[in-house]
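So the chains spell out like this:
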Amino acid sequence: MATNTETTTTEDERIGEELNYPAESWGGFLRNHFGPSLLWALTAIGSSHIVLAPTISGLYGVFAIWIAAAVFLVKYGGWELGVRYNYGVGRNPVEGYGDLPGPNHWAQWVTLLIVVVPQTIIAGSVGVAAASFLSAVVPGLGRLPAYALLLVVATVLVVSSRYSLLETVLKLFVVALGVLLVLGIFVAPPSAEVIAETAFAVPELRSAVFLGLFASMAGFAPTGLGTTINLASWSMAKEQGARALRDRNLDPHDEQFHDYIAAWIKTGRRDFNLAYAFTFVLIVAMILLGANVLYPNPPTDQNLAIALGSILEESFGPWAYWAMIVGAFAALYSTVITLLDGAPRVASDILPLVLEREMDTERVRKTLVILMAVISFVPLLVIGSLPVTLVVGAAIMVSVFQFFYYVANYYVVREHLPARFQPGTGAKTYYAVATLLVIVFGLLGAGSQLGIVG
């Protein structure tokens, strides 16, 4: 027995030496490790940046930056816990949700519900916003026919898994738009009068309009916390951190691998922090440009595309109107494609877990893509093709449910990570306060919609 143990230990040490540690230099990091959260960021730059930010800045001016900063600060930990779990345990957090106290698989069923249903509604609301920009370019094309056309194209591409080229092109437009937005601030920043008038002008906090818009930002800025699962999927695909240990049948709890895991958790955080900062810079840029051009007249359901097109025109001239139209369309349409692809993939991963049996996950994925596309028409037919109204409503719905991910991610981190990687006292306090605030944001949003508050 002693010989076998010694042999095993020697083998573990040999494999440990073969593990690839992350590059510590910034150059090595950017070449080899920056990626998963960039995909997340490009997903996040959608309705929160294109619809909500100019709407709020058009109403409240520069004060909207404080709203965005508060939401970003509170929501950060939900994803950070997911990143910590990805690299420290080597699994997607949704797998760990099966261990939450209560009936078997209840948390995974809840995850399935609050991934598929809200994202179906969101696809419709964001899709109509994208359709409004397409309608502005193609005279005579109504929003509903435009949405139907966009949805058919997106569904075919996602079902056939042949959308990578289109998605790459859309992302290039999004990045180009981001550069223009940042440059636009330096060319045409808000006037001193607007800054002085609005920077610290606290709105009527009990008004239904403010509470609804604040809750919508809490839901969609930079995106819903449900994307912690999508971020985990992209991170896990790189087979790094504890995932690499599991692939070699090694135990992440073994202390000899803890330096390796610590290095990868640090790298995962660096990756996410850059992407998070990127999305924050862009939403601030949109707020400043909105305050400069739109305040005090926010875009409406009727003039969304025209109003947003004018944001860059003042900075760069008439050509920038069309650059904004194309860039905004790309940001919104890429979100629709991501939703139609992401939610069914997550669902097809969860269903075998909750049903505890083998499934043809590819068939499940394709079926759900088609169902999501068809059902996404429902809110449009009931409410109408009103992009701002639909986006705000969908965002408030997301804000009501997303506290679940905070609670679930914290629980699986506490239960599954080795002691060395557990949150410290300061982090625990932050998570507790942030979770409470996320719950409050959702309740305020729901109350404003129901007329209970405001």
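Residues numbered from 1 in each chain as written. Predicted model: local features only at pLDDT ≥ 70, side-chain atom pairs only at ≥ 80, totals over all residues. Heavy atoms only, no water.

The protein chain is annotated in an unreviewed UniProt entry as NRAMP family Mn2+/Fe2+ transporter of Halococcus saccharolyticus DSM 5350. Quoted straight from UniProt, the Subcellular location (unreviewed entry) entry for the protein chain says "Membrane". (UniProt positions renumbered as here; feature names shortened; annotations may be inferred.)

## Concerning the packing of aromatic side chains
Where two aromatic rings form a pair, the distance of their centres and the angle of their planes describe that pair. Counted according to the given criterion, the structure contains 27 aromatic pairs. Between the aromatic rings of Trp40 and Trp79, the centroid separation amounts to 5.2 Å while the plane-to-plane angle is 70 degrees, which identifies the pairing as edge-to-face. Highlighted residues: Trp40 in helix α3 (residues 36-44) and Trp79 in helix α5 (residues 64-89), separated in sequence by 39 residues. By relative accessible area, Trp79 is classed as buried at 0%. Put simply, the rings of Trp40, Phe72, Tyr76, Trp79, Phe272, Tyr276 and Phe280 touch in pairs and so form one group of aromatic residues. We note Arg270 situated over the ring of Trp26; from NZ or CZ to the ring centre the distance is 4.3 Å. (Phe/Tyr/Trp six-rings, centres within 6.5 Å; stacked < 30°, edge-to-face > 60°. Helix = DSSP H or I, 4+ residues; strand = E, 2+ residues; numbered from the N terminus. Buried < 20%, exposed > 50% of the residue type's maximum accessible area, 1.4 Å probe, protein only. Lys NZ or Arg CZ within 6 Å of the ring centre and 35° of its normal.)

## Observations regarding the pattern of salt bridges
Tallied over the full model, the rule gives 10 salt bridges. Among the salt bridges present, the one from Asp259 reaches Arg420, with a minimum N-O distance of 2.9 Å. Taken together, the positions of Asp259 in helix α14 (residues 258-293) and Arg420 in the loop between α20 (403-416) and α21 (425-450) put the pair 161 residues apart, joining distant regions of the chain. Judged by its relative accessible area of 47%, Asp259 is partly exposed. Look at Arg420 and you get partly exposed, because its relative accessible area is 47%. Between Asp341 and Arg365 there is a salt bridge, with the nearest N and O atoms lying 4.0 Å from each other. Linking Asp341 in helix α16 (residues 319-355) with Arg365 in helix α17 (residues 361-375), this pair joins segments that are 24 residues apart in sequence. The class for Asp341 is buried, based on a relative accessible area of 10%. Put simply, Asp341, Arg345, Glu362 and Arg365 are held in one network by salt bridges that share partners. (Salt bridge = Lys/Arg side-chain N within 4 Å of Asp/Glu carboxyl O.)

## Structural notes on unusual backbone geometry
Going from Ala221 to Pro222, the amide bond is cis rather than trans, its omega being -15 degrees. Summarising the element assignment, Pro222 is placed in the loop between α11 (208-220) and α12 (227-236). Omega for the peptide link from Tyr295 to Pro296 comes to 5 degrees, which places this bond in the cis form. With respect to the helices and strands, Pro296 occurs in the loop between α14 and α15 (304-316). One non-glycine residue, Asn249, lies in the positive phi region at around 60 degrees. Positive phi, close to 55 degrees, is recorded for Glu356, a residue that is not glycine. Here Glu356 shows up in the loop between α16 and α17. We classify Glu356 as exposed; its relative accessible area is 55%.

## Concerning the environment of Glu24
Looking at where Glu24 falls in the secondary structure, it is placed in the loop between α1 (2-18) and α2 (26-32). A relative accessible area of 71% places Glu24 in the exposed class. Once the C-alpha coordinates of Glu24 and His416 are considered, the two residues, 392 residues apart in sequence, prove to be 26 Å apart.

## Some words on the side chain of Gln119
Its location among the elements puts Gln119 in helix α7 (residues 106-137). Judged by its relative accessible area of 10%, Gln119 falls in the buried class. Setting aside its immediate chain neighbours within four residues, Gln119 contacts Leu339, Ala343 and Met372. (Contact = heavy atoms within 4.5 Å.)

## Looking at α17
Relative to the 21 Å expected for 15 residues at 1.5 Å per residue, α17 spans 21 Å between its end C-alpha atoms, a close match to the ideal helical length. If you follow the buried residues of α17, they end up packed against α7, α8 (143-160), α16 and α18 (377-383). (Expected span 1.5 Å × (residues − 1).)

## Remarks on a nonpolar patch on the surface
Taken together, the side chains of Ile370, Leu371, Val374, Ile375, Val378, Val382 and Ile383 make up a nonpolar region of the molecular surface, amounting to roughly 640 Å² of accessible area. Elements with a contribution of two residues or more to the nonpolar patch: α17 and α18. When residues in the nonpolar patch are grouped by element, the largest group, 4 residues, is from α17. Within the secondary structure layout, Val378 lies in helix α18. (Patch = residues over 30% accessible without salt bridge, like charges linked within 9 Å, V, L, I, M, F, W, Y side chains within 5 Å. Areas by Shrake-Rupley, 256 points an atom, 1.4 Å probe, with all protein chains shown as cover.)

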